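Observations on chain architecture
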Amino acid sequence: MEKRIPVKELLQSTGFGKDVHVKGWVQTKRESKNVAFVALNDGSTVHHLQIVVDVSSFSEETLKNIHTGASIAVTGTLAESQGQGQKVELQARHIEVYGTADPEKYPLQPKRHSMEFLREIAHLRPRTRTFGAVLRIRHAMAFAVHKFFNDRGFFYLHTPIITGSDAEGAGEMFRVTTLDPVDPPLNEFGTVDFTQDFFGKETNLTVSGQLEGELGAMALSLIYTFGPTFRAENSNTARHLAEFWMIEPEMAFYDLEDNMNLAEDFLKYLVQYALEHCLDDLQFLDNRLQEEEKNKKQEDRSPMGLIEKLKFVVENQFERLTYTEAIDILIKSKPNQKKQFVYPVSWGTDLQSEHERYLVEKHFKKPVILTNYPKHIKAFYMKQDEDGKTVRAMDVLFPGIGEIIGGSQREENYDKLYSRIQEMKIHEESLWWYLETRKYGTAPHSGFGLGFERLILFVTGMGNIRDVIPFPRTPQNAEF
RNA sequence: UCUUCCUUAGCUCAGUCGGUUAGAGCAUCUGACUGUUAAUCAGAGGGUCCCUGGUUCGAGCCCAGGAGGAAGAGCCA
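Read on for a plain summary of the structure. (Residues numbered from 1 in each chain as written. Chains lettered and ligands numbered in written order. Predicted model: local features only at pLDDT ≥ 70, side-chain atom pairs only at ≥ 80, totals over all residues. Heavy atoms only, no water.)

The next thing to look at is unusual backbone geometry. Even without being a glycine, Phe 253 presents a positive backbone phi close to 65°. Here Lys 339, not a glycine, exhibits a phi torsion of approximately 55°, which is positive. Tracing the sequence through the fold places Lys 339 in the loop between helix H10 (334-337) and helix H11 (353-363). (Helix = DSSP H or I, 4+ residues; strand = E, 2+ residues; numbered from the N terminus.)

Further remarks concern the nonpolar core. Across soluble globular proteins, nonpolar side chains have a tendency to be buried as a group. Counting residues in hydrophobic clusters, the biggest one holds 67 residues, and the most contacted among them are Met 141, Leu 282 and Leu 455. Looking at this core, the element that brings in the most residues is helix H6 (residues 256-277), giving 11 residues. The residues touching Leu 455, leaving out its near neighbours within four places in the chain, are Met 141, Leu 267, Leu 270, Ile 404 and Leu 450. Among the nonpolar cores identified, the runner-up in size contains 29 residues, and Leu 330, Ala 379, Val 391 and Leu 417 belong to it. (Core = buried A, V, L, I, M, F, W, Y, C linked by side-chain atoms within 4.5 Å. Buried < 20%, exposed > 50% of the residue type's maximum accessible area, 1.4 Å probe, protein only. Contact = heavy atoms within 4.5 Å.)

It is worth spelling out the sheet that holds strand E3 (residues 49-54) at this point. Within a sheet, neighbouring strands are paired by backbone hydrogen bonds and run either parallel or antiparallel to one another. The strand order E1-E2-E3-E5-E4 describes a closed barrel built from five strands, whose pairing is mixed. For this sheet, the mean angle separating the axes of adjacent strands, direction not counted, is 55°. In terms of strand pairing, strand E4 (residues 71-80) meets strand E5 (residues 88-99) through 10 bridges, oriented antiparallel. Bridge pairing links Val 74 to Ile 95 in E5. (Pairing = 2+ DSSP bridges. Axes fitted to C-alpha atoms, helices over the stretch in contact; angles between N-to-C directions.)

Take the packing of helix H8 (residues 306-315) against helix H14 (residues 452-460) next. Across the interface, H8 lies against H14 with an axial gap of 8 Å and an inter-helix angle of 120°. Between H8 and H14, the interaxial angle falls into the category oblique. Listed contacts from H14 to Leu 306, Lys 309, Leu 310 and Val 313 of H8 are Phe 458, Val 459 and Thr 460. Residue composition of the contact of H8 with H14, grouped by class: five nonpolar, one polar and one charged. (Parallel < 35°, antiparallel > 145°, perpendicular 65-115°, else oblique. Nonpolar A, V, L, I, M, F, W, Y, C, P; charged D, E, K, R; others polar.)

To continue, consider the sheet that holds strand E15 (residues 402-409). Here we have eight strands laid out as an open sheet, ordered E6-E10-E11-E16-E15-E14-E13-E12, and mixed in their pairing. Each edge of the open sheet carries a strand with a single partner, namely strand E6 (155-156) and strand E12 (319-322). By the bridge criterion, nine bridges tie strand E10 (residues 222-230) to strand E11 (residues 243-252) in an arrangement that is antiparallel. Looking at E11, one finds that Thr 225 is bridged to Glu 248. Against the sheet, H14 engages E10, E11, strand E14 (393-398), E15 and strand E16 (445-451), with an angle of about 55° to E16.

A few words now on the side chain of Asn 464. Relative to the helices and strands, Asn 464 is located in the segment after H14. For Asn 464, a relative accessible area of 13% corresponds to the buried category. From its side chain, Asn 464 meets the backbone nitrogen of Arg 466 in a polar contact 2.9 Å long. For Asn 464, the contacting residues outside a window of four places in its chain are Arg 119, Ala 238 and Leu 457. (Polar contact = N/O pair within 3.5 Å; in protein donor to acceptor, adjacent residues only side chain to side chain.)

Let us now look at the packing of H6 against H14. Running from N to C, H6 and H14 point in directions that differ by 50°, and their axes come no closer than 11 Å. Viewed along their axes, H6 and H14 adopt a mutual orientation that is oblique. Helix-helix and strand crossings are classified by hand; for H6 and H14 the assignment is right-handed. Contact residues: H6 offers Leu 267, Leu 270, Val 271 and Ala 274, while H14 offers Leu 455, Phe 458 and Val 459. Classifying every residue of the contact of H6 with H14 gives seven nonpolar, no polar and no charged. (Left-handed = near helix turned anticlockwise from the far one by under 90°.)

Pasting the structure below:
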């Protein structure tokens, strides 16, 4: 095949008069008597290349087949554009139509579509500018995650996707089995006999790579995982997926403060990377959001544009405070005094969305890191504070997103960890390997989990998590 | 899982008090137009009013059940 030049490259080119090949999908065609203009996109950039077609030198059939959605290859001369909207255009000499898209049936029209409609055609939505922008940013963020950790001496550890333990209790799990669902083998108690299953035991899709990640950190010092994670929770919100991607670094010899510093550096690095490498796409999404804002009531409008918001995060220190201090602020807050909170505030109860939003969006107006939560509302593996009441947990809360990172310093003392397992009635048999890290060469260590899609949600300014992953998996939906 | 709202043309939506042939904008098609930028102008085609049952002389509209979707909440990342 003839070597194509990506649209992104051509738009930056000044080699006017050169002969080039370009291939892509038609976004729109504007036709008049003598000349037609085709906006061509190949996904390399959010911008289109304008193809100028001299109507008299092409067959009627070719012209007819060039419509929204069609895939074409164009040979022509790169020229300085006579029109207003672009610097570069391609004067077409030869056009090959690879594939047509019947305009009567092709669902994507040269007009604005709702996100709900585009979710129904998730197989085609990457062709829209919005999803193209989101997917390019998603790629850049994945790359930046690896670059960040690699540059700091972290090793990428592949933790298992199929697990044999429900250790963390992070949520409902998806069972993995090859047993006959209609007639499974039963044991003497009349329940399913998993010893006859593929792995000889009950297995599930992972809800977190953390516990295995800790094993890696106890040897390589600095590791991170980045992989798919599954939760069978019946969560129907704009912030939850049944299948999502999670990044979980785990660091030996890090205490809670080291952990917070890493988390803050990491988030700022990622946002900065997006600003440096995806500015075109961010600008497009920013404009798109501003259009949407115009349809909102004054009080619902966000005070900052997308790019402005991203710069703000990079340039400002995250606010750090303890759970106890946060409760104090909430108790003294206006909405609490006026009894506007649905859920009452008191020490010992978990913070509700409305409380987190108040702290982040009203009180501090910036990202917040909350630490030292009461131990009974946090996981068994978190390191206990000297007061016996709290643990060294930290949650990073972002405006509009809520909890984007959850992490902690881990309990490295065998006896303390073991007694927590007993207290919380966790199956210790399935955790024997985890407990051995505390028996043999235990060391202080910390880690956190970042929901990748929640990061993308923040960076792109999109409103629903189903629109920042190519093929969302949610309750009642596994199409495509 | 709970609460609230929604489902009418390909898309986004209007549809009055239950009343004759269900509308608009965009998209599509046809024509016009000397370079357009979501082109413009003129015209045309396009409907299982989500499904099932009920009330009624008569249902897009009222009632019951079901399906799907959205927002918020819970759970969390």
